[in-house]
Each structure stands twice: as C-alpha cells, then as structure tokens.
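Report on the structure
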Amino acid sequence: MERRKTYISVDVEAALIRGRQYIIEIGAVKWLPDGTTETFTQLIQPYKFKKLNYHIQKLTGITTEELLTAPSFKEAFYKFKRWCKGDYVFLTFGEFDRKVFEEELARNYVNREFLYPLIDFQQKYMIEYELKEQPSLGGLMAQLGLELNTQHRALADAESLLRIFQTVGGEKLIEKQKTNEFVLLLTNFKQLETTFDLMISYSFCRIERGNVVMDDMKTIREQLPFELYEEERITNDGETQIAYITTIKPSVNAQQFLQQIVGQASGRIIITRTGLRSISRILRLHHCTMPKTEVMSLMHLINDEEAVGKFNIVDETTHAYEAKISRLLHKFEGPIIDEFNKRALLPKQPVEV
C-alpha cells in the first residue's frame, strides 16, 4: 500500500535560562511519500542570551559563541515552517519536545496550530510493547541493532528517531492505536477521622461526528478503615527516629469496580484530572494496574484550575454528581476532541451517502 503521509521527525535541544527552558537548536528529518528524505538544522539564540551553561555545552557541543551569532527563535521558526510545507505529521520521542515547543511559541505570540498533528512515538512504542520504563533513544537504537549517531544534537536525534520509526513499522503501529474511545476516570481519596472517604467514577465515552457521546457511567463511594501506628527506625547516622505509619484496609467493592475499569480500558484513552500518578495510591492499594495506553489530563486539556475543580464530588448525591459530570463533558467536549486531533488519534470515519 502506497504511503501518502509525510512524516517529520523533530528534536529540540533546550537550555534552562532564567528559570525557563529555551530552545537553542531545532533538528528535523522529513520522510516524503516517495521514500526520499530532507534534513533541517538550525541553532537559535534565546531572548536576552549571554552565556550557555557549561553542562549544556559539554552535553551538546554547542558553544556560547555559536548561539550569539544564531538567529532569534522567531526567525528560526519561520525558516523551519517554510521548510516543513505541505501535509505532514510530526514525530517526537517523549513529551519534552512538544512541551518546550508549545511554551516557546506561546512566549513569542505565535499560533501553535502549526505543531499538529504531533505524535509522541516513544509513548506509542511503550504501549505496543507494554513497557513500564521509558526507553532512551540510544538504548532503543542499540536494541534494534541500529548504528547510533552523535547523541544530544537535534539533527542526530531526529535521524535516530526516524530510523527507529522505519525499522519497527511506525506507521502501522500508529494506525493500530487509533481510537475514538476514552474513559474519564475520576477519584477522590480523603482522610476523615476514622476512615478514608473513597470515590471512584468512570464514564466510557466515544467521539462521534464531532461530539462526545457517553455510553456508560458508574460511581461508587466507600469508607476505608485505617490504623495509625508508630515504628522506630535507625537512620544512616545511627540515630533512632519515630515514623508514623498509616495502614488502610482496601475495599472489596472498590477492587471489583477498578478491575472492571481495567478490563475495559485497554485500547481506550484514559482521561483523569491530573494524570494517573494522582490515583496510583488507590490502584496499588487494590492491587490493580492500568493497561498501557495514552493518558490525558483535564488540567492540560482545559488549563483552568477552577473549571477542573468542578469535576470533584462535593456534598451531592451520586445521581446529582453523575448528571453534573455529563453536563461538564458536554461543555468541555471541544478541548477533548481538539487533543485527539492534535495527537492524530481519531480513525477515519466512513462517509454516509
């Protein structure tokens, strides 16, 4: 089957300057449908730049003198944009490049739509092979038997990413993981006087014809007893310290509820308030592990702490809470659908005649 998409593997090098990450180099490789490739590389002088950190100089080989004669981010960006041209899909290896690029564009008042669709191929690879630890670019190159170019230079890393993508059949892997389904997983875990108040709510949803459709929603609330006790511990200095340990008794109902979610979450995107890390304690307590899949957070999607707070359960009945979540999903379906499009997740839907 003939490939029609142009893929651009992109990597950026950045330096921490005045407490913020600034892009100092862009490297990219364009893989055209006819199989040919083109490359782009550009050093960038950060705003009000004076001197490059010694560690970054040693890591990348980029010098202060080179950056002082480099163009500004805006100049370099528009040069990069002209080079990209046409219909393309960006590939990165990890979340860092997208995050830094988005911050840099926002700082320079430049529209970010140019960046999308953008696919984090490290995440796609981890999902496909059910990896718990993030592989490094160099480690993956070695594992696949590919010759490694100089690392920590943008163009070399972009070239390595494209070679990995080609070797493992990246396009098929991306197509395989496309989905219009997601589960909104919300939890509250609050310590009271004698128990922990646990709330777990899920909504199985899909994106269809530009709308979010909810197929199923359930919520449980459990009170988990806990005990607090003291334990003596010896420090490395030989001193005795008292540690206070809390042991929480898991809930059988909550465990069964979580297992039901886990069983149906495979192949779906998981959306939580602030990421899976925030509910990892609940999962560990009930011996449950979520399948490897892409995760989105409402905080990133909505970017409004007050709005995200509305997804919390307050003094309301389960029925009232579920009705509220349904309304909120409808209200914020736009950002959810936008993120699916930014990540090129949605499969092509058949056109009705």
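Within every chain, residues take consecutive numbers counted from 1 along the sequence as written. Confidence filtering applies because this is a predicted model: local features only for residues at pLDDT of at least 70, side-chain atom pairs given and counted only at 80 or more, and all residues used for totals across whole chains, interfaces and linings. With hydrogens and water stripped out, all remaining heavy atoms of the structure feed into the side-chain values.

1. A few points about the sheet that holds strand β10 (residues 269–272)
- Two strands are said to pair when DSSP picks up at least two bridges between them. Per the convention used, a helix needs a DSSP run of H or I reaching at least four residues, while a strand needs a run of E reaching at least two, with both numbered from the N terminus. Across the sheet, six strands lie side by side as β9-β8-β7-β6-β10-β11; this open sheet has mixed pairing. Sheet topology places β9 (240–248) and β11 (295–297) at the edges, where each strand pairs with a single neighbour. Shown here is a sheet whose adjacent strand axes are inclined to one another by a mean of 25°, direction ignored.
- Across 14 bridges, the pairing between strand β7 (residues 195–208) and strand β8 (residues 211–234) is antiparallel. Axis definition: a line fit to C-alpha positions, over the contact stretch in the case of helices; interaxial angles, taken between N-to-C directions, run 0 to 180 degrees.

2. As for the side chain of R273
- Turning to its location among the elements, R273 is positioned in the loop between β10 and α10 (280–285).
- Partly exposed describes any residue whose relative accessible area lies between the buried limit of under 20% and the exposed limit of over 50%, with all areas from a 1.4 Å probe on protein chains only and scaled to the type maximum. His is not counted, nor are the chain ends; Lys and Arg add positive charge and Asp and Glu add negative charge. Each reported salt bridge corresponds to a side-chain nitrogen of Lys or Arg within 4 Å of a carboxyl oxygen of Asp or Glu. Summary of buried charges: R273 has no salt-bridge partner, and the nearest side chain of opposite charge, E316, is 9.2 Å away.
- Sequence-distant contacts of R273, that is, excluding residues within four places in its chain, are made with L185, L186, T187, N188, S297, L298, M299, V308, F311 and N312. Only heavy atoms enter the contact rule, under which two residues are in contact if any of them lie within 4.5 Å.

3. Observations concerning the pattern of salt bridges
- For the structure on display, the rule yields 18 salt bridges.
- In this structure, the salt-bridge partner of E175 is K178, at a minimum N-O distance of 3.2 Å.
- Among the charged side chains, a network of salt bridges with common partners joins R98, E102, K124, E294, E339 and R343.

4. Description of the nonpolar core
- Throughout, nonpolar core names a set of buried Ala, Val, Leu, Ile, Met, Phe, Trp, Tyr and Cys residues whose side chains join them through atoms within 4.5 Å. Counting 27 residues, the largest nonpolar core has F182, L184, I271, L298, F311 and I325 as its most contacted members.
- Put simply, the parts of the chain that give this core at least two residues each are β6 (181–191), β7, β8, β10, α11 (298–302), α12 (305–309), α13 (318–331) and α14 (333–342).
- With four residues, α13 is the single largest residue contributor to this core.
- In contact with I271, other than residues within four places in its own chain, are F182, V183, L184, L185, M296, L298, L301 and I336.
- If you look at the next biggest cluster of nonpolar residues, it comprises 25 residues, including I26, F40, F80 and W83.

5. Comments concerning the packing of helix α3 (residues 73–84) against helix α4 (residues 96–107)
- At a minimum axis distance of 11 Å, the contact between α3 and α4 shows a crossing angle of 115°. Handedness of the crossing formed by α3 with α4: left-handed. Across the interface between the two elements, F73, F77 and F80 of α3 pack against F101, E104 and L105 of α4.
- Classification convention: Asp, Glu, Lys, Arg as charged; Ala, Val, Leu, Ile, Met, Phe, Trp, Tyr, Cys, Pro as nonpolar; all other residues, Gly among them, as polar. When the residues that make up the contact of α3 with α4 are grouped by side-chain class, the tally is five nonpolar, no polar and one charged. Put simply, a crossing is left-handed when the front helix is turned counterclockwise from the back one by less than a right angle, and right-handed when it is turned clockwise.

6. Digging into the side chain of S160
- Relative to the helices and strands, S160 is located in helix α7 (residues 154–167).
- With near-sequence residues (within four places) excluded, S160 lies in contact with L137, M141 and L148.

7. A word on the packing of aromatic side chains
- Pairing of aromatic side chains here covers Phe, Tyr and the six-membered ring of Trp, requires ring centres within 6.5 Å, and sorts the geometry by plane angle: under 30 degrees stacked, over 60 edge-to-face, intermediate tilted. Inspection of the entire model under this criterion finds 23 aromatic pairs.
- Plain terms: the ring middles of F40 and F80 are 5.1 Å apart, the flat faces sit at 50° to each other, and that makes the pair tilted. Of this pair, F40 sits in strand β3 (residues 37–43) while F80 sits in helix α3, and the two are 40 residues apart along the sequence.
- You can call F80 buried: its relative accessible area is 0%.
- What links up through ring pairs into an aromatic cluster is the set F40, F73, F77, Y78, F80, W83, Y88, F90, F101 and F114.
- The rule for a charge over a ring is simple: NZ of Lys or CZ of Arg within 6 Å of the ring centre, and within 35 degrees of the ring normal. The side chain of K30 reaches across the aromatic face of W83, ending 4.5 Å from its centre.

Limitation: the analysis is restricted to geometry and does not speak to function.
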